Amino acid sequence: MELEVSIKKTLKDFTLEIDFSVSKGEIVGLLGESGSGKSMTLKSIAGIVRPDGGVIRLNGTTLFDSERKIDVPTRNRNVGYMFQSYALFPYMTVAQNVACGIKDPSKRKETVSRNLELLHIDKFADRYPRHLSGGQQQRVALARLLAASPSVIMLDEPFSALDNELKDSLQEELKSTLERSGCPILFVSHNREEVQRYCTRSLHLSEGRLLP
């Protein structure tokens, strides 16, 4: 399993032009200042934004190819993308939010329970997002993503709302869970220490280009 990205996208202040790959089981950190093109890269992979040119492949399947006029819809890409805004459904409980992406009904209850426990939010299972703190909502979004078993996981500043104590308590267990997912993982952050803690290697993005 591998994610291959080679794309170009003209933005307001610069042109995003990147070429990289992420292998099965790798957690690759994408470092860079705010506005360097990190989130735009994730949105291109997810199909939310259409690059001007290039190719995106996931596990040998072409998701985007400008020359061959291929642009697979977002809903068919099986990409797990955790937004900075969390994008939780406000009228669903925590457990219902986590369950909504699980394809096999027979495994729904077990999968929800496992991921709620992993992220220390099982006691909030029956609450609604509006009754949770920012950090708690963030963990619900991450649990929902993991429960859906995507072919690639993309985390955009996943721990920005968590305090250091909680980050430390989640670190080892969460890292091993991400590695066991058996899929390529992109971890976007501006925090070098966080990337060193969670990632197997890192890429540094500046004004749309990967630094050597």
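Residues numbered from 1 in each chain as written. Predicted model: local features only at pLDDT ≥ 70, side-chain atom pairs only at ≥ 80, totals over all residues. Heavy atoms only, no water.

A.B. asks: Hey, could you run me through the sheet that holds strand β3 (residues 27-31) in this one?
C.D. replies: Here we have six strands laid out as an open sheet, ordered β7-β8-β9-β3-β10-β11, and mixed in their pairing. Here the strands that pair on one side only, and so sit at the sheet edges, are β7 (79-82) and β11 (209-210). As paired elements, β3 and strand β10 (residues 201-206) share four bridges and run parallel to each other. The partner of G29 across the bridge, within β10, is S202. Contacts between helix α4 (residues 134-147) and the sheet are confined to β7 and β8 (152-156), with β7 contributing the most and set at about 175 degrees to the helix. (Pairing = 2+ DSSP bridges. Helix = DSSP H or I, 4+ residues; strand = E, 2+ residues; numbered from the N terminus. Contact = heavy atoms within 4.5 Å. Axes fitted to C-alpha atoms, helices over the stretch in contact; angles between N-to-C directions.)

A.B. asks: Sorry, what's going on with the packing of aromatic side chains here?
C.D. replies: Each aromatic ring pair is described using two quantities: the centre-to-centre distance and the angle formed by the ring planes. With the rule as written, the count across this model stands at one aromatic pair. Relative to Y198, the ring of F187 lies with its centre 5.6 Å away and its plane at 20 degrees, an arrangement referred to as stacked. Pair noted here: F187 is in strand β9 (residues 185-189) and Y198 is in helix α6 (residues 192-198), with a separation of 11 residues, a long-range link. Classification of Y198 by relative accessible area gives buried; the value is 1%. Taking NZ or CZ as reference, R130 lies 5.1 Å from the ring centre of Y128, over its face. (Phe/Tyr/Trp six-rings, centres within 6.5 Å; stacked < 30°, edge-to-face > 60°. Buried < 20%, exposed > 50% of the residue type's maximum accessible area, 1.4 Å probe, protein only. Lys NZ or Arg CZ within 6 Å of the ring centre and 35° of its normal.)

A.B. asks: Help me understand the pairing of strand β2 (residues 15-23) in this model?
C.D. replies: Side-chain direction in a regular strand flips from residue to residue, so the side chains alternate between the two faces of the sheet. Because side chains alternate across β2, one face comprises the buried residues L16, I18, F20 and V22, and the other comprises T15, E17, D19, S21 and S23, none of which is buried. Here nine bridges tie strand β1 (residues 2-10) to β2, and the two strands are oriented antiparallel to one another. Residue pairing across strands places K8 opposite E17, the latter belonging to β2. What sits between the antiparallel neighbours β1 and β2 is a turn of four residues.

A.B. asks: How should I be thinking about the nonpolar core in this particular structure?
C.D. replies: Across soluble globular proteins, nonpolar side chains have a tendency to be buried as a group. Core analysis: the largest hydrophobic core is formed by 35 residues, its most contacted members being L146 and L174. Within the residue set of this core, elements represented by two or more residues are β3, α2 (94-99), α3 (108-118), α4, β8, α5 (164-180), β9 and α6. In terms of residues, this core owes the most to one element, α4, which gives seven residues. Each residue touching L146, except ones within four places of it in the same chain, is listed here: N115, L118, L119, I153, L174, T177 and L178. (Core = buried A, V, L, I, M, F, W, Y, C linked by side-chain atoms within 4.5 Å.)

A.B. asks: What is the right way to look at the sheet that holds β1 in this model?
C.D. replies: For sheets, the rule is that strands pair by backbone hydrogen bonds, running either parallel or antiparallel. One open sheet accounts for five strands, arranged β2-β1-β4-β5-β6; its pairing is antiparallel. Strands at the two margins of the open sheet, each flanked by one partner only, are β2 and β6 (70-71). Of the strand pairs in this sheet, strand β5 (residues 61-65) and β6 are connected by two bridges, and their pairing is antiparallel. Bridge pairing in β6 places F64 opposite D71. Sheet strands touched by helix α1 (residues 38-46): β1, β2, β4 (53-58) and β5. Its angle to β2, the strand with the most contacts, is close to 65 degrees.

A.B. asks: When you look at the packing of α3 against α4 in this model, what are you seeing that I'm missing?
C.D. replies: Two quantities define a packed helix pair, namely the angle between the axes and the distance from one axis to the other. Running from N to C, α3 and α4 cross one another at 140 degrees; their axes reach a closest spacing of 9 Å. Judged by the inter-axis angle, α3 sits oblique to α4. Every pair of crossing elements has a handedness; the one defined by α3 and α4 is right-handed. Contact residues: α3 offers T111, N115 and L118, while α4 offers A143, L146 and A147. Within the contact of α3 with α4, the residues separate by chemical class into four nonpolar, two polar and no charged. (Parallel < 35°, antiparallel > 145°, perpendicular 65-115°, else oblique. Left-handed = near helix turned anticlockwise from the far one by under 90°. Nonpolar A, V, L, I, M, F, W, Y, C, P; charged D, E, K, R; others polar.)

A.B. asks: Explanation requested: the environment of V22 in the structure shown.
C.D. replies: Note on placement: V22 falls in strand β2. As for V22 and C183, which are separated by 161 residues in sequence, their C-alpha atoms are 9.0 Å apart.

A.B. asks: Honestly, the pairing of β3 in this entry has me stumped. Any pointers?
C.D. replies: Taking burial as the measure, the five residues of β3 include five buried ones, the bulk of the element. Taking every second residue as pointing to the same face, both faces of β3 are buried, with I27, G29 and L31 on one and V28 and L30 on the other. Sheet analysis places β3 next to β9, joined by five bridges and oriented parallel. Residue pairing in the sheet places G29 in a bridge with F187 of β9.

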